[in-house]
Each structure stands twice: as structure tokens, then as C-alpha cells.
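Spelled out, the chains give:
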Amino acid sequence: MVGSFKKRAVGKISLNHQTFMRRCLQLAQQGMGHVAPNPIVGSLLAHNDKIISEGYHAQYGGPHAEVNALTNITDPEILSQSTLYVSLEPCSHFGKTPPCANLIIDKGIKNVVVACTDPNPKVAGSGIKLMQDAGINVTVGVLEHEAIAGNRRFVTYHTHQRPYIILKWAQTADGYIDKPRRANETVASTPVSSLPSHRLVHLWRSHEQAILVGKNTVIKDNPALTVRLVDGNNPTRIVIDSNASLGGNLKIFDQSAKTLIINQKENRNTPEAEWVMVDKDKNLLDGLMNSLYQHNITSVLVEGGAETLNHFIAAGLWDEARIFTAPIHFRGGIKAPIIPPLSGLTSLTHRSGLDTLHIVYKTTFAPPCIPM
């Protein structure tokens, strides 16, 4: 549902439109890890084919990209002769900030170029229609695929009513993610990937709203699940523990990040964690998705272990998989998950230190570069 606005044909879009919109998409990326559950958005103002101001959505609850791009321009004549570019449809409703579409109208902007419409039902074309009804010439669809890919978390949240799911693991060249360990053994797992890969994973953690593991991983590895090797915000820690049996001196309870314990037994809050009960009569993963949607979590990085990852794969509940393969061999242990062959998959391969990073996209959201 995108409303009843008039969408100009993409085929008529100029190269300048594409050049300026590509810059908007670059600006938008600077908001990664800071604006969720809002989308990342970039904007700029062009006058006589030159950029005169730029802005992006930098902080949740803060000014939107369009506001930041317009703030430093005070000359009404320049504004009326300029074109505003924005990577996502300007909002038309009051949220944490006033509607951007109204601001654009009030500023006297005559031309606006938008990459894609907003999937949020509160907007969904109404921002574009509002500007068009005010006499603004609005062009929609410039680098639309790239813009949707950049905001695939936000798009998935609003179109599927669940978070965007990213699976991540590291495996050896012979297909193992860990050496054999006894059931109650708490010795840390054997490192598989290289330090550059570890840093990249911590960067990814800072980009996503949540990180998820199963109870067994918490018991065996006692992970912190925080951002340490780069600067960035800690994601919400999510642990699947059906019987709500976890307790004691575990790092997930150190209060360094918000922690949710997904279970089928109880709801309760402590300073250390929030226990969230899902419906016992429903599939646990379905209950999990509904709960995370209600918590306004737009993306989850699933880090394991193997059993948890395989549950997501078997359920078809994933959008993207990021798999490191290291040039080492364990010759036994816990087998790595396997992504089944499916039609429509898109894959990319990169180097990460000594490792090979293989990225698989289940949807059409595949961006043309290393994931951000």
C-alpha cells in the first residue's frame, strides 16, 4: 500500500538524480546502529547541480535527515530554486518529531526526489501525496532497489511484522564450528575465524538491534554478547531458554546491555534481565517473532549455536546468512549448519583476513557490497 500519489516514470530520471541519490544513500549509512527502530535516511539539497547542504538521521528521537539538510539554509529564494533529495519518503505524521513533509512545504521547496516509499502504514505514500497536493513536483523511484536494500531491516519489520533475521557463524574448511565438548564442559569454544573477522562481527553487532543465542551457548561459552572490538552501541541480548532455567553468575546478566530471556514459563523483570513468556500452544520461533515485533526490534543477529541456527534454517526463518570459512581443519566436532539450495538466493564472497566471508541473501534485498 503506497497511497494514491502520482509516481513519475523511473525511465525519465536523470543521471544527476542518480548521482545525488547515491550520495543520500551513503549519508544514510552513517545512522546505522543509532536510529532503530526508525529507518536510516540520507538527504541533500542541490542548487544549480551542486550540493549546498547535506543531512542524515543521526539519532533515534533526533531530527530527521530532511531537517538536518534544511537547517543551515535560510535564503528562501535558494530553497525555492533547489531540489531536495531524500532516500526515503518524508514522514507525514507526528512521532518523536514533527512531519517532514509539512516542513518541506513550509520551506517553499518546489522539487523533491525520493528513492522509495515508506512501508510504515503511518506513512505509506501519504507524505508524497501531501507534497504533491501542495504543488510540489515529486519524483519517486530513483535508485529504489538500493534504497530498499539499505533499509531492508525497516522494510521487513513493517511488511512481515517481524525483525530482519541475519544468521552468522564461522566454520572450518572441513565444515565444523567447534571441537567436541562434553555436555557440561564450560571451557570456551575453540576460535575459528581470524581477528579481522572478529572485528567485523563486533561491527555487525553494533549495527543490529538485537543479538540472539540459545541456552546451550550461554551455558558452555558464557558469552558477553556485547560490542568490544569497535566503538558502537550494544545490541539487546536475546536468549532462548524454554524452561527459564538460566541463572547465576553469567555475563548476560551483568547489566551492560538489555537482556531478554525468551521462555514458555514466566514473565518477570529484574535489573539483570526481562523474562518474556511466549505462547506455549504456538511454535517457539513464531512466538519469538511476535514478541520481538511487539518490542519494536527490527533486526536480529543470530550467532548460534548450531542447534539454534539449524532451527531457524529449518523453519525458513532467515533473510541473510554471513558465513566465515577459515583455512583450518578440526577433523571432527560439531558440524556447521548448511543453507539448503533454494531458488532466488543471491550470494556474495569477500575476503576477511585469512578467512573467506560468504554472504547469502534469501530475499531480493541483496546490496552490491559487504553488508552494513
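What comes next concerns the included structure.

About the criteria used
- Residues numbered from 1 in each chain as written.
- Predicted model: local features only at pLDDT ≥ 70, side-chain atom pairs only at ≥ 80, totals over all residues.
- Heavy atoms only, no water.
- Pairing = 2+ DSSP bridges.
- Helix = DSSP H or I, 4+ residues; strand = E, 2+ residues; numbered from the N terminus.
- Axes fitted to C-alpha atoms, helices over the stretch in contact; angles between N-to-C directions.
- Buried < 20%, exposed > 50% of the residue type's maximum accessible area, 1.4 Å probe, protein only.
- Contact = heavy atoms within 4.5 Å.
- Arc of directions from axis to C-beta.
- Polar contact = N/O pair within 3.5 Å; in protein donor to acceptor, adjacent residues only side chain to side chain.
- Right-handed = clockwise from strand over helix to strand, strands pointing away.
- Phe/Tyr/Trp six-rings, centres within 6.5 Å; stacked < 30°, edge-to-face > 60°.
- Lys NZ or Arg CZ within 6 Å of the ring centre and 35° of its normal.

What the 5 strands build is an open sheet, ordered E2-E1-E3-E4-E5; its pairing is mixed. Here the strands that pair on one side only, and so sit at the sheet edges, are strand E2 (50-56) and strand E5 (137-140). Along the sheet, successive strands turn relative to each other by an average axial angle of 15°, direction set aside. Relative to strand E4 (residues 111-114), strand E3 (residues 83-86) runs parallel, the two sharing 4 bridges. Looking across to E4, one finds that Leu84 is bridged to Val112.

On to the environment of Pro180, then. Note that Pro180 resides in the loop between strand E7 (176-178) and helix H8 (195-207). You can call Pro180 exposed: its relative accessible area is 62%. Between the alpha carbons of Pro180 and Thr190 there is a distance of 9.8 Å; along the sequence they are 10 residues apart. Sequence-distant contacts of Pro180, that is, excluding residues within four places in its chain, are made with Gly332 and Gly333.

What follows covers unusual backbone geometry. Following Ala36, the chain continues to Pro37 via a peptide bond in cis, the omega torsion being 10°. Take Pro37: it is sitting in the loop between helix H1 (15-28) and strand E1 (42-47). The omega angle of the peptide bond from Gly304 to Gly305 is 0°, so this bond is cis rather than trans. Positionally, Gly305 belongs in the loop between strand E13 (299-304) and helix H11 (306-314).

The next point concerns H11. Within the sequence span of H11, burial applies to Ala306, Thr308, Leu309, Phe312 and Ile313. Down the axis of H11, the buried side of the element spans an arc of 165°, and every buried residue falls inside it. In H11, those exposed residues whose orientation departs by more than 90 degrees from the buried face are Glu307 and Ala314. After H11 finishes, the residue Gly316 shows a positive phi value of roughly 70°.

Turning next to the side chain of Ser197. Its location among the elements puts Ser197 in helix H8. Its relative accessible area of 0% is what places Ser197 among the buried residues.

Glancing now at the side chain of His57. Following the sequence through the fold, His57 ends up in the loop between E2 and helix H2 (65-70). Among the residues examined, His57 registers a relative accessible area of 3% and is labelled buried. Reaching out from His57, the side chain makes a polar contact with the backbone oxygen of Pro63 at a distance of 3.3 Å. When neighbours within four sequence positions are excluded, His57 is seen to be in contact with Gly31, Val35, Asn38, Pro39, Val41, Gly62, Pro63, His64 and Ala65.

Among the 5 residues in strand E9 (residues 236-240), 5 count as buried, and that is most of the element. Because side chains alternate across E9, one face comprises the buried residues Thr236, Ile238 and Ile240, and the other comprises Arg237 and Val239, equally buried. Each parallel crossover has a hand, and the one from strand E8 (residues 210-214) via helix H9 (residues 215-221) to E9 is right-handed. Judged from the 4 bridges that link them, E9 and strand E10 (residues 259-263) form a sheet pairing that is parallel.

So, on to the packing of aromatic side chains. Counted under the stated rule, the structure contains 4 aromatic pairs. Relative to Phe324, the ring of Trp204 has its centre 5.5 Å away and its plane inclined at 25°; by these criteria the two rings are stacked. With Trp204 in helix H8 and Phe324 in strand E14 (residues 320-326), this pair connects stretches of sequence that are 120 residues apart. Of the two residues examined, Trp204 and Phe324, each falls in the buried class. The cationic tip of Arg322 hangs over the ring face of Trp204; the distance from NZ or CZ to the ring centre is 4.5 Å. In this arrangement the basic side chain of Lys335 is found over the ring face of Tyr176, its NZ or CZ atom lying 4.6 Å from the centre.

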